[in-house]
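Below, each chain spelled out in residue letters.
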Amino acid sequence: MSKTKIIIANWKMKVPHQGAANLLRRFSHLSFPAGIEAVVCPDFLALPLAAKTLSLRKLKLGAQDAAFIDRGAYTGEISPTDIKSLGATYVILGHSERRQYLGETDALINKKLQAVLAVPGLIPVVCVGEKARGKNPKAVLQKQLAGAFKDIRLKPGQRLVVAYEPVWAIGTGRVIKRSEVVLAHLLILGWLTKRFSPTQCQVLYGGSVDAKNAANFSDISVVDGLLVGGASLEPKSFLTICRSMLK
Ligand code: PEP
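Criteria and cut-off values
Residues numbered from 1 in each chain as written. Predicted model: local features only at pLDDT ≥ 70, side-chain atom pairs only at ≥ 80, totals over all residues. Heavy atoms only, no water. Pairing = 2+ DSSP bridges. Helix = DSSP H or I, 4+ residues; strand = E, 2+ residues; numbered from the N terminus. Axes fitted to C-alpha atoms, helices over the stretch in contact; angles between N-to-C directions. Near = heavy atom within 4 Å. Polar contact = N/O pair within 3.5 Å; in protein donor to acceptor, adjacent residues only side chain to side chain. Areas by Shrake-Rupley, 256 points an atom, 1.4 Å probe, with all protein chains shown as cover. Nonpolar A, V, L, I, M, F, W, Y, C, P; charged D, E, K, R; others polar. Parallel < 35°, antiparallel > 145°, perpendicular 65-115°, else oblique. Left-handed = near helix turned anticlockwise from the far one by under 90°. Contact = heavy atoms within 4.5 Å. Disulfide = S-S within 2.5 Å. Buried < 20%, exposed > 50% of the residue type's maximum accessible area, 1.4 Å probe, protein only. Core = buried A, V, L, I, M, F, W, Y, C linked by side-chain atoms within 4.5 Å. Expected span 1.5 Å × (residues − 1). Salt bridge = Lys/Arg side-chain N within 4 Å of Asp/Glu carboxyl O.

Undergrad: Is there a simple way to explain the sheet that holds strand β8 (residues 225-228) in this structure?
TA: Whether parallel or antiparallel, the strands of a sheet pair through hydrogen bonds between backbone atoms. Pairing is parallel in the closed barrel, where eight strands are placed in the order β1-β2-β3-β4-β5-β6-β7-β8. Here the strands of the sheet are splayed against their neighbours by 25° on average, with no regard to which way each runs. Pairing between strand β2 (residues 36-41) and strand β3 (residues 60-63): two bridges, direction parallel. Within β3, the position partnered with V39 by the bridge is K60.

Undergrad: Looking at this structure, I do not really get the site of the ligand. What am I missing?
TA: Near the ligand, the surroundings consist of 14 residues, among which K12, H95, E165, G171 and S208 are the closest. One of the side-chain N or O atoms of N10 is found 3.3 Å from an oxygen atom in the ligand. Contacts to the ligand include K12, whose side-chain N or O atom sits 2.7 Å from an oxygen atom. Relative to its free-state accessible area of 290 Å², the ligand is covered by the protein chains to the extent of 96%. Split into classes, the residues belonging to the shell around the ligand amount to four nonpolar, eight polar and two charged.

Undergrad: So what exactly am I meant to see when it comes to the packing of helix α6 (residues 137-148) against helix α7 (residues 178-193) here?
TA: Two numbers describe a pair of packed helices, the interaxial angle and the distance between the axes. Axis separation between α6 and α7 bottoms out at 11 Å; the angle between their running directions is 30°. Taken as axis vectors, α6 and α7 run roughly parallel relative to one another. Between α6 and α7 lies a crossing whose hand is right-handed. Of the residues in α7, those touching α6 at K138, L141, Q142, L145 and A146 are A184, L187, I188 and W191.

Undergrad: I'm lost on the state of the cysteines in this one. Help?
TA: Each disulfide is one covalent bond, formed between the sulfur atoms of two cysteines. Evaluated as defined, the whole model comprises zero disulfides. Free cysteine: C41, not disulfide-bonded; nearest cysteine sulfur from C127 at 9.5 Å. Its relative accessible area of 2% is what places C127 among the buried residues.

Undergrad: Is there a simple way to explain the nonpolar core in this structure?
TA: As a rule of thumb, soluble globular proteins bury nonpolar side chains together. Ranked by internal contacts, the top residues of the largest apolar core, which has 70 residues, are F27, F149, L192, F217 and L226. At seven residues, α7 tops the list of elements feeding residues into this core. Beyond its immediate chain neighbours, meaning those up to four positions away, L226 contacts I6, I7, I8, L204, Y205, V209, A214, F217, I241 and M245. With 13 residues, the next largest nonpolar core counts V39, Y90, C127 and L204 among its residues.

Undergrad: What's the story with the environment of W168 in this structure? I'm lost.
TA: Note that W168 resides in the loop between β6 (160-164) and α7. The spacing of W168 and G129 is 39 residues in sequence and 8.9 Å in space, taken between C-alpha atoms. The contact partners of W168, leaving out residues within four places of it in the chain, are E130, K131, A132, R133, R174, I176 and E180. Separated by 3.0 Å, the side chains of W168 and E130 make a polar contact.

Undergrad: How should I be thinking about α6 in this particular structure?
TA: Helical geometry: 3.6 residues make up each α-helical turn, so side chains three or four residues apart lie on a common side. With 12 residues, α6 should reach 16 Å at 1.5 Å per residue; the first-to-last C-alpha distance of 16 Å fits that figure. Turning to α6, the residues buried within the fold contact α4 (96-101), α5 (106-117), β5 (123-128), β6 and α7.

Undergrad: How do you make sense of the pattern of salt bridges when you look at a structure like this?
TA: For side chains bearing opposite charge, pairing can occur when the charged atoms are close. The full count for this structure, using the stated rule, is 12 salt bridges. A salt bridge links K112 to D65; the shortest N-O distance between them is 2.8 Å. With a gap of 47 residues between them, K112 in helix α5 and D65 in the loop between β3 and α3 (80-85) connect regions that are remote in the sequence. Note that R178 is salt-bridged to D219, the shortest N-O span being 3.1 Å. Residue R178 is found in helix α7, and its partner D219 is found in the loop between β7 (201-206) and β8; the two are separated by 41 residues along the sequence. Through salt bridges that share partners, D65, R98, E104 and K112 make up one connected network.

Nothing here speaks to function; it is geometry throughout.
So, in C-alpha cells, the structure goes:
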C-alpha cells in the first residue's frame, strides 16, 4: 500500500517575524492536492500565529527542533509537549545545520527523539546525510541511524520519518542523481525496517529541491516525500513541488 507523501517546508530562520503573518496568509490561500501531507515548519516564535492562520485540516504544522527533555530548568529550551499543544504534528530533529553550528551529536538527537516520541501524536523527522559527495555515505548513514535510534522502540500506531539530506546538496543548488537517492533510501529503509514496522516509517529526500526538479523524485518508490528549504519560502513554488510529487 502506498503511503501519503509528506512534503515539509522548512523555513529555517529566514523569515523576519514581521513578515511571518503575510507569508502564512499566502500559504493559507493555497489548495494542496489530496494524497499529499503538506507541512509548514516556521520558527518557534511564529508557531502560535501559524496555528491560528492555517487550517490544520489542509496543512500540518511542524517545529524545527525540540528540547531533549519535557520540562524543567533548561533555559532557552522548548518542550515537546508545548510544541504539540501549540498545534504541531511534526518535529524536525538533527538537521545538519544544528549538527554543524550547534554541535548536535547523535547522542543528543537520540535524547530528543525519545522526548518527542514520549508525546502522543508528535512525529519526529530525523535528518541524516553525509557531508561530502561520494565519501562513504553508507558508513555515515549507518552511524547516524545507529546513534539516533539507539534503544528506540515504537508503540503500535506511532510513526517516524527520516529525511535523507546530503549536506553537500543543502542550499547549494547541487542536484543529486537518481541512483544516489535510490541507494541511500534503500539503505535507510532497510535499516529502519529491520527494527520497526514498514508501515510506521517514511523516508523523505531533502537538498536543493525546487519547483523545476521536484518531479524527478515523484516516481521513485522509496522516496516518501520531500524536505524543502529555500524553495518553500515561495508559496507558489511549494505548491508546485507538492503537485509534482503526485505525477
Ligand atoms: C533543508 O533545509 O533541509 C533543505 C533541504 O534546504 P534546501 O532545500 O534549501 O537545500
